[in-house]
Amino acid sequence: QVQLVESGGGLVQAGGSLRLSCVVSGRTFSTYDMGWFRQNPGKDRECVAAISRSGISTFYAESVKGRFSISKDNAKNTVYLEMNSLKSEDAAVYYCAARERAYIGTYLLTRGEEYDYWGQGTQVTVSS
């Protein structure tokens, strides 16, 4: 089974930065598209950022564009989400997800149902 473990969440002041990490088990990390999603109570899970397995294609939600950056390190089986200029509305539980099925287009990476494996989530809290 593929295991995903997120880390890096915590409490940060508005305007501050955090870097989330997600370590993926196994030797096939480079064959996965990776995504970061966030969710708050009573709201749908939202794709914040995603990166294709090649690393060439990326997606960012409009609300985080220019502030967040997704990257991956195949040697470390790790995907990162660098979050800058954090706002109160960024507070949520952030989930890492891996997609192993064939890549067709970036738009598919925004859909949670496309992903095969999920982490347990890490809480990000933003104080005023």
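Here the structure is a predicted model, which means the values were calculated and not measured. (Residues numbered from 1 in each chain as written. Predicted model: local features only at pLDDT ≥ 70, side-chain atom pairs only at ≥ 80, totals over all residues. Heavy atoms only, no water.)

Student: Please provide a residue-by-residue account of the side chain of R67, values included.
Tutor: Counting through the fold element by element, R67 comes out in the loop between β6 (58-60) and β7 (68-73). Judged by its relative accessible area of 11%, R67 falls in the buried class. Sequence-distant contacts of R67, defined by excluding residues within four places in its chain, comprise E82, M83, N84, S85, L86, K87 and D90. (Helix = DSSP H or I, 4+ residues; strand = E, 2+ residues; numbered from the N terminus. Buried < 20%, exposed > 50% of the residue type's maximum accessible area, 1.4 Å probe, protein only. Contact = heavy atoms within 4.5 Å.)

Student: Would you mind going over the sheet that holds strand β1 (residues 4-7) in detail, with residue names and values included?
Tutor: Within a beta sheet, neighbouring strands are joined by backbone hydrogen bonds and run either parallel or antiparallel to one another. The strand order β1-β3-β8-β7 describes an open sheet built from four strands, whose pairing is antiparallel. What marks the edges here is a single partner per strand, and that holds for β1 and β7. Across the sheet, the mean angle separating the axes of adjacent strands is 15° when strand polarity is ignored. Two strands pair when backbone bridges link them, and β1 and strand β3 (residues 18-24) are joined in this way by four bridges, in the antiparallel orientation. Bridge pairing links V5 to V23 in β3. (Pairing = 2+ DSSP bridges. Axes fitted to C-alpha atoms, helices over the stretch in contact; angles between N-to-C directions.)

Student: Explain the environment of N40 to me, using residue names and the numbers behind them.
Tutor: Topologically, N40 is positioned in the loop between β4 (33-39) and β5 (46-51). Since its relative accessible area comes to 29%, N40 is described here as partly exposed. Note: C-alpha distance between N40 and A92 (52 residues apart in sequence) is 5.3 Å. Of note is the side chain of N40, whose polar atom sits 3.0 Å from the backbone oxygen of A91. (Polar contact = N/O pair within 3.5 Å; in protein donor to acceptor, adjacent residues only side chain to side chain.)

Student: Kindly report on the side chain of S21, identifying the contributing residues and their values.
Tutor: Mapping S21 onto the fold places it in strand β3. When neighbours within four sequence positions are excluded, S21 is seen to be in contact with V5, E6, S7, W36, T78, V79 and Y80.

Student: Can you explain the state of the cysteines? Please cite residues and give values.
Tutor: In protein structure, a disulfide is the covalent linkage between the sulfur atoms of two cysteines. Applying the stated criterion to the full structure yields one disulfide. The disulfide partner of C22 is C96, and the S-S distance across this bridge is 2.2 Å. In this structure the cystine formed by C22 and C96 twists about its S-S bond by roughly -85°; its chirality is therefore left-handed. With C22 in strand β3 and C96 in strand β9 (residues 92-99), this residue pair connects regions lying 74 residues apart in the sequence. (Disulfide = S-S within 2.5 Å.)

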